[in-house]
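Coordinate inspection notes
Residues per chain are reported as follows:
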Amino acid sequence: MAVTIDLTLDCADAQLLQRFWKTPIGYVDEPPPAPFATREEWHAGFGLPADDSVDDGAWLCDPDGVGPRLCILKVPEPKTAKNRLHIDVRVPGHGGPEERWARIRGESERLVGAGASVLEEFDGHHVVMADPEGNEFCVGATPA
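Residues numbered from 1 in each chain as written. Predicted model: local features only at pLDDT ≥ 70, side-chain atom pairs only at ≥ 80, totals over all residues. Heavy atoms only, no water.

1. Thoughts on helix α1 (residues 14–25)
In this model α1 runs 16 Å from its N-terminal to its C-terminal C-alpha over twelve residues, within 8% of the 16 Å that 1.5 Å per residue would give. Within α1, the full set of buried residues consists of Ala14, Leu17, Gln18, Phe20, Trp21 and Pro24. Capping of α1 at its N-terminal end is provided by aspartate 13; its side-chain oxygen lies 3.2 Å from the backbone amide nitrogen of glutamine 15. Following α1 by one or two positions, glycine 26 adopts a phi angle in the positive range, close to 70°. (Helix = DSSP H or I, 4+ residues; strand = E, 2+ residues; numbered from the N terminus. Expected span 1.5 Å × (residues − 1). Buried < 20%, exposed > 50% of the residue type's maximum accessible area, 1.4 Å probe, protein only. Polar contact = N/O pair within 3.5 Å; in protein donor to acceptor, adjacent residues only side chain to side chain.)

2. Brief notes about unusual backbone geometry
Omega for the peptide link from alanine 34 to proline 35 comes to 10°, which places this bond in the cis form. Tracing the backbone through its elements, the reader meets proline 35 in the loop between β2 (28–29) and α2 (39–44).

3. Points about the nonpolar core
Most often, soluble globular proteins have nonpolar side chains that are buried together. Residues Trp21, Ile72, Ile104, Met129, Phe137 and Val139 are the most contacted members of the largest nonpolar core, which totals 22 residues. If you list the elements that add at least two residues to this core, you get β1 (6–11), α1, β3 (57–61), β4 (69–74), β5 (87–91), α3 (97–113), β7 (126–130) and β8 (136–141). Top contributing element to this core by residue count: α1, with four residues. Discounting chain neighbours no more than four positions away, the residues touching isoleucine 72 are Leu9, Cys11, Ala14, Leu17, Gln18, Asp56, Gly57, Ala58 and Leu60. (Core = buried A, V, L, I, M, F, W, Y, C linked by side-chain atoms within 4.5 Å. Contact = heavy atoms within 4.5 Å.)

4. Overview of the packing of α1 against α3
It is the contact of α1 with α3, at a shortest axis distance of 10 Å, that shows an interaxial angle of 165°. Overall, the two elements α1 and α3 adopt an arrangement that is roughly antiparallel. Considering only the axes of α1 and α3, their crossing is right-handed. Taking contact as the criterion, the partners of Phe20, Thr23 and Pro24 in α1 are, on α3, Glu107, Arg110 and Leu111. Across the contact of α1 with α3, the residue classes break down as three nonpolar, one polar and two charged. (Axes fitted to C-alpha atoms, helices over the stretch in contact; angles between N-to-C directions. Parallel < 35°, antiparallel > 145°, perpendicular 65-115°, else oblique. Left-handed = near helix turned anticlockwise from the far one by under 90°. Nonpolar A, V, L, I, M, F, W, Y, C, P; charged D, E, K, R; others polar.)

5. A short note on the sheet that holds β5
Taken together, four strands build an open sheet; the order of strands is β5-β8-β7-β6 and the sheet is mixed. Strands at the two margins of the open sheet, each flanked by one partner only, are β5 and β6 (117–122). Along the sheet, successive strands turn relative to each other by an average axial angle of 25°, direction set aside. Here five bridges tie β6 to β7, and the two strands are oriented antiparallel to one another. (Pairing = 2+ DSSP bridges.)

6. Digging into the sheet that holds β3
An order of β1-β4-β3-β2 is seen for the four strands of this open sheet, with the pairing classed as mixed. Two strands bound the open sheet, and with one partner strand each, they are β1 and β2. As paired elements, β1 and β4 share six bridges and run parallel to each other. In the strand pairing of β4, leucine 9 is matched with isoleucine 72. Sheet contacts for α1: β1, β2, β3 and β4; angle to β3, the most-contacted strand, approximately 15°.

The quantities given are spatial measurements derived from coordinates; they are silent on function.
Now the structure itself:
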């Protein structure tokens, strides 16, 4: 039996990346765990230091309940190297290679508008991008 996993993304600004990552993956804010009505109420229950803010974390979930949860957590140290694990964003649709590449390029342009940057294009196959904090991810097409 497979286990459920979360993907956790370390960052400097959890709220910035929460807003960004909703765009490429279509996730929504995860509600606080029961019995809490708000994330603030949940966070207060931990008795953390006063300088620890609920805004230092963000939780996104697949609205259909299928994909893994994305946890975005503020850490004190900056990103120093290439990710060892990255997210591949797959744009759906059918068609020939030109149509698929056009969809990939269109999605890449949309994500640049949301704050991403293009690092490298592999013509006809995928685009390597970075989120607003430099975390690498790829945009490609779903399998034909």
